[in-house]
Amino acid sequence: MEVLFYGSTISIHQPNRKYLKQFIMKTSERILPATQNYYLEGPKPRVNELKFAWRVFIEFLNSFRVLHFVGPCITVFGSARFKPDHPFYKASEEFGKRIAKMGFTTVTGGGPGTMEAANKGAFENGGKSIGLNIKLPFEQKLNPYVHKSLTFTHFFSRKVMLVKYSYAFIIMPGGFGTMDEFFETLTLVQTKTITQFPIVVFGKAYYQPLLQFIEKMAEEGTINKADMDLVLFTDDYDEAMNHIKTYIRQNYVLKPRKRVWWLFEPKPVSLVL
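Visitor: An account of the overall build of the protein chain is requested, with residue identities and associated values reported.
Guide: Counting secondary structure elements, the protein chain contains eight helices and nine strands. Looking at the protein chain residue by residue over its 273 residues, the buried ones come to 40%. Partitioning the intrachain contacts of the protein chain with sequence separation of at least 6 by distance along the chain shows that 70% fall at a separation of at least 24. Surface accessibility of the protein chain: about 16500 Å² in total, with carbon and sulfur atoms responsible for 57%.

If you want it as structure tokens, here you go:
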């Protein structure tokens, strides 16, 4: 049996055919089905790349229109898997409530779990609530506690918008997605790609192994200890919110922006704060 692999012909012996078939089947079992499959062809045609770039541009442009006037935000990251009776769900709800009390907009990934809880805390306590959802076949359905929402196709463009309008970040317990968001935000701060906004990591027992590993990285010299100065590990709501308030008050003056709807942005949500 012969197969074409990047322009070269490879002979496959008879006993190995079933393993090749299993490999092809496994690699085709995508969580998110591809709109079109390309096997062993190298780069896609240039017109495909142009179409992809255009779709990403439209996704960003629509995001700028919807989010431009939402006001200063605080983003809450966390797991989609915690149920309403879980302590971390209740903690996220409390953070949403406190963010609303500060007069800031609560931004989350728009899904269930801690995201829903933070949106709910803001929504039910007079605050603005934004959900930036992602197309997934499981877990990620938009929660009902948002005033405005967007649904993204690409994780990278969604992460840009989760960071772009926020002055602080609260990291609740979560899995791979939360770790991705936490470390990307931390990397942007470390490299001064964004301003050194405060990052609060809530759940000291949950994150203790991660903290130990970060300290190990500092000992090995792969990061500087100063890189963690604006990361607060805490279990205390007051400590978390005071950490954020202190930084914002020391570094920013919040003032209304003159609003010009030159991108035909939707009118902002009218709330009594």
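Visitor: An account of the sheet that holds strand β4 (residues 105–108) is requested, with residue identities and associated values reported.
Guide: Taking strand neighbours across the sheet as the criterion, the seven strands line up as β6-β5-β4-β3-β7-β8-β9 in an open arrangement whose pairing is parallel. Among the strands making up the open sheet, the edge pair consists of β6 (148–152) and β9 (231–234). Pairwise comparison of adjacent strand axes, ignoring direction, gives a mean angle of 20 degrees for this sheet. Pairing analysis gives four bridges linking strand β8 (residues 199–202) to β9, with the strands arranged parallel. Looking at the pairing, Phe 202 lines up with Thr 234 of β9. This element, helix α2 (residues 46–67), spans β5 (129–134) and β6 of the sheet and lies at about 170 degrees to β6.

Visitor: Run through the environment of Phe 176, naming residues and quoting values.
Guide: Among the structural elements, Phe 176 can be located in helix α6 (residues 176–190). On the basis of relative accessibility, which here comes to 80%, the residue Phe 176 falls in the exposed class. For the pair Phe 176 and Ser 79, spaced 97 residues apart in sequence, the C-alpha separation works out to 8.9 Å.

Visitor: How would you summarise the packing of helix α3 (residues 87–102) against helix α8 (residues 237–251) if you had to cite specific residues and measurements?
Guide: Viewed as axis vectors pointing N to C, α3 and α8 meet at an angle of 40 degrees, and their least axial separation amounts to 11 Å. Every pair of crossing elements has a handedness; the one defined by α3 and α8 is right-handed. Taking contact as the criterion, the partners of Ala 91, Glu 94, Phe 95, Arg 98, Ile 99 and Met 102 in α3 are, on α8, Tyr 237, Asp 238, Ala 240, Met 241, Ile 244 and Lys 245. Its residues assigned to classes, the contact of α3 with α8 shows eight nonpolar, no polar and four charged.

Visitor: Kindly report on α2, identifying the contributing residues and their values.
Guide: Its 22 residues give α2 an end-to-end C-alpha distance of 32 Å, which sits within 8% of 32 Å, the value for a rise of 1.5 Å per residue. Every buried residue of α2 is listed here: Val 56, Glu 59, Phe 60, Ser 63, Val 66 and Leu 67. One side of α2 carries all its buried residues, which in axial view fall inside an arc of 130 degrees. Exposed residues pointing more than 90 degrees away from the buried face of α2 are listed as Arg 46, Leu 50 and Trp 54. Buried residues along α2 sit against β5, β6 and α5 (155–164).

Visitor: Tell me about the packing of aromatic side chains, and please be specific about residues and values.
Guide: Per the stated rule, a full pass over the model turns up 14 aromatic pairs. On the basis of an interplanar angle of 10 degrees and a centroid distance of 6.3 Å, the ring pair of Phe 77 and Phe 169 is categorised as stacked. Of this pair, Phe 77 sits in strand β3 (residues 73–77) while Phe 169 sits in strand β7 (residues 166–171), placing them 92 residues apart in sequence. Of the residues examined, Phe 77 reaches a relative accessible area of 3% and is grouped as buried. We classify Phe 169 as buried; its relative accessible area is 0%.

Visitor: Outline the packing of α6 against helix α7 (residues 204–220), supporting the account with residue identities and numerical values.
Guide: Any two packed helices are characterised by how steeply their axes cross, that is the angle between the axes, and by the distance between the axes. Two numbers describe how α6 lies on α7: the axes approach to 14 Å, and their chain directions differ by 40 degrees. Viewed along their axes, α6 and α7 form a crossing whose handedness is right-handed. Listed contacts from α7 to Thr 178, Met 179, Phe 182 and Phe 183 of α6 are Tyr 207, Leu 210 and Ile 214. Residue composition of the contact of α6 with α7, by class: six nonpolar, one polar and no charged.

Visitor: Break down the nonpolar core for me, citing the residues and quoting the values.
Guide: By size, the foremost hydrophobic cluster in this structure holds 38 residues, and its most contacted members are Leu 67, Leu 132, Phe 182, Ile 199, Val 201, Val 231 and Phe 233. Broken down by element, this core gets its largest block of residues, five residues, from α7. Apart from residues lying up to four places away in sequence, Val 201 is in contact with Ile 171, Phe 182, Tyr 207, Val 231, Leu 232, Phe 233 and Thr 234. Counting 17 residues, the second largest nonpolar core, distinct from the first, contains Val 76, Phe 95, Val 200 and Ile 244.

Visitor: Let's hear about the side chain of Asn 143: which residues, and what values?
Guide: By the secondary structure assignment, Asn 143 is in the loop between β5 and β6. A polar contact of 2.9 Å, which involves the side chain of Asn 143, links it to the backbone oxygen of Gly 111. At 3.1 Å, the side chain of Asn 143 and the side chain of Asn 119 are in polar contact.

What counts and how
Residues numbered from 1 in each chain as written. Predicted model: local features only at pLDDT ≥ 70, side-chain atom pairs only at ≥ 80, totals over all residues. Heavy atoms only, no water. Helix = DSSP H or I, 4+ residues; strand = E, 2+ residues; numbered from the N terminus. Buried < 20%, exposed > 50% of the residue type's maximum accessible area, 1.4 Å probe, protein only. Contact = heavy atoms within 4.5 Å. Areas by Shrake-Rupley, 256 points an atom, 1.4 Å probe, with all protein chains shown as cover. Pairing = 2+ DSSP bridges. Axes fitted to C-alpha atoms, helices over the stretch in contact; angles between N-to-C directions. Left-handed = near helix turned anticlockwise from the far one by under 90°. Nonpolar A, V, L, I, M, F, W, Y, C, P; charged D, E, K, R; others polar. Expected span 1.5 Å × (residues − 1). Arc of directions from axis to C-beta. Phe/Tyr/Trp six-rings, centres within 6.5 Å; stacked < 30°, edge-to-face > 60°. Core = buried A, V, L, I, M, F, W, Y, C linked by side-chain atoms within 4.5 Å. Polar contact = N/O pair within 3.5 Å; in protein donor to acceptor, adjacent residues only side chain to side chain.

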